[in-house]
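Remarks on the overall topology
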Amino acid sequence: MVYDKDESEITIEIGNFPDASARSVALKSYIGEDGEAATAVPGGKLHRYVAVSFCLLCILQAALNISLRLALSSPQNIDASCKNLTERDNLRRINFAHYFNQGWVYFHDSFYYISSIKKTWQDSRDDCLQRGADLIIINSKEEQEFTRRYKKIMWIGLTDRETEGVWKWVDGTPLTTSFWYFGEPNNYHGRNEDCIEIKYHDNGNSWNDVVCENENLWICEKKMAL
Ligand code: 2F8
Ligand code: CA
């Protein structure tokens, strides 16, 4: 191929092809099957297609993003989300106010109620259930420390009434972390001590097993995350 500056034209030298059909094939491969002049770089056409497709994909993606954003931030959607949030917040406020007004104490995602009268373990539990709660389940050192602050002998939600020696919380979960006072549980003097009271407040390990028919204060727990 020769570029003549003066005549502003390109001359293509086909070369020494033996016959007319070979020359025609060479010419076609240079011009391209579709009649357009082919680029001199091998695969150049493919690169152009890839680049154009990529640009089209980018435009499509941008259009999708904009329409999604517009749809989600429409006034109706914002209104609905705000309404849901406000309703949930109001319900939560009403719930919290109810428990606080009834003398419940909030600690680490739960409300606690400490009774002012004494009952057997089962009657205490029934009272908690009627209040939409249950006897306390102690599953951390912090919660155990919280119960000791009151310096009262109180029932907690732990018993081996179903199977002697198999301690279970009122929600059916087995006992894993325990805070038994020294020598407990002991079924003292051969008694059937199947229910647990917090007794030894001055000791981190304050639990004692005692007969369930004894009468004690009790502590209810209602889980409620903020
Ligand atoms: O009333 C039963 C109770 O009696 C004692 O505590 C006052 C026993 N304690 C010791 O023996 C240290 C409890 O285990 C028993 O439950
Ligand atoms: Ca005991």
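A short tour of the structure in this document, coming up. (Residues numbered from 1 in each chain as written. Chains lettered and ligands numbered in written order. Predicted model: local features only at pLDDT ≥ 70, side-chain atom pairs only at ≥ 80, totals over all residues. Heavy atoms only, no water.)

**Considering the packing of aromatic side chains**
The full count for this structure, using the stated rule, is 16 aromatic pairs. Ring plane angle 55 degrees and centroid distance 6.3 Å describe the contact between F96 and F100, whose orientation is recorded as tilted. In this pair, F96 and F100 are both assigned in helix α3 (residues 75–101), four residues apart and thus about one turn of the helix distant. Of the residues examined, F100 reaches a relative accessible area of 45% and is grouped as partly exposed. When the ring of F100 is compared with that of F111, the centres are 5.2 Å apart and the planes differ by 80 degrees; the resulting orientation is edge-to-face. With F100 in helix α3 and F111 in strand β4 (residues 110–114), this pair connects stretches of sequence that are 11 residues apart. (Phe/Tyr/Trp six-rings, centres within 6.5 Å; stacked < 30°, edge-to-face > 60°. Helix = DSSP H or I, 4+ residues; strand = E, 2+ residues; numbered from the N terminus. Buried < 20%, exposed > 50% of the residue type's maximum accessible area, 1.4 Å probe, protein only.)

**Observations regarding the coordination of the calcium ion (ligand 2)**
For a metal with four tetrahedral donors the ideal donor-metal-donor angle is 109.5 degrees, whereas six octahedral donors ideally subtend 90 or 180 degrees. Surrounding the calcium ion (ligand 2) are the protein donor atoms E184 (OE), N186 (OD1), E193 (OE), N208 (OD1), D209 (O) and D209 (OD), which sit 2.2 to 2.6 Å from the metal. Sequence spacing of the donors to the calcium ion (ligand 2): E-x1-N-x6-E-x14-N-D. Given the relative accessible area of 14%, E184 is considered buried. (Donors = N, O, S within 2.8 Å, 3.2 Å for Na, K, Ca; no water.)

**Quick look at the nonpolar core**
Soluble globular proteins tend to pack their nonpolar side chains together in the buried interior. Membership of the largest hydrophobic core comes to 37 residues, with the highest contact counts inside it found for I156, L158, W169, W207 and I219. Of all elements in the fold, only α3, β4, α4 (121–130), β6 (154–159), β8 (195–198), β9 (207–210) and β10 (217–223) reach the threshold of two or more residues within this core. In contact with I219, not counting residues within four places along its chain, are Y112, Y113, I114, C128, D134, L135, I136, F146, M154, W155 and I156. (Core = buried A, V, L, I, M, F, W, Y, C linked by side-chain atoms within 4.5 Å. Contact = heavy atoms within 4.5 Å.)

**Brief notes about the pattern of salt bridges**
The tally for this structure, following the rule as stated, stands at seven salt bridges. Among the salt bridges present, the one from D134 reaches R125, with a minimum N-O distance of 2.9 Å. Across the pair, exposure class does not vary: D134 and R125 are buried alike. One salt bridge connects D127 with R131, and the closest N-O pair in it is separated by 2.6 Å. Residue D127 is classed as buried on the basis of its relative accessible area of 13%. Since its relative accessible area comes to 27%, R131 is described here as partly exposed. In the salt-bridge network here, residues are joined through shared partners; they are K141, E145 and R148. (Salt bridge = Lys/Arg side-chain N within 4 Å of Asp/Glu carboxyl O.)

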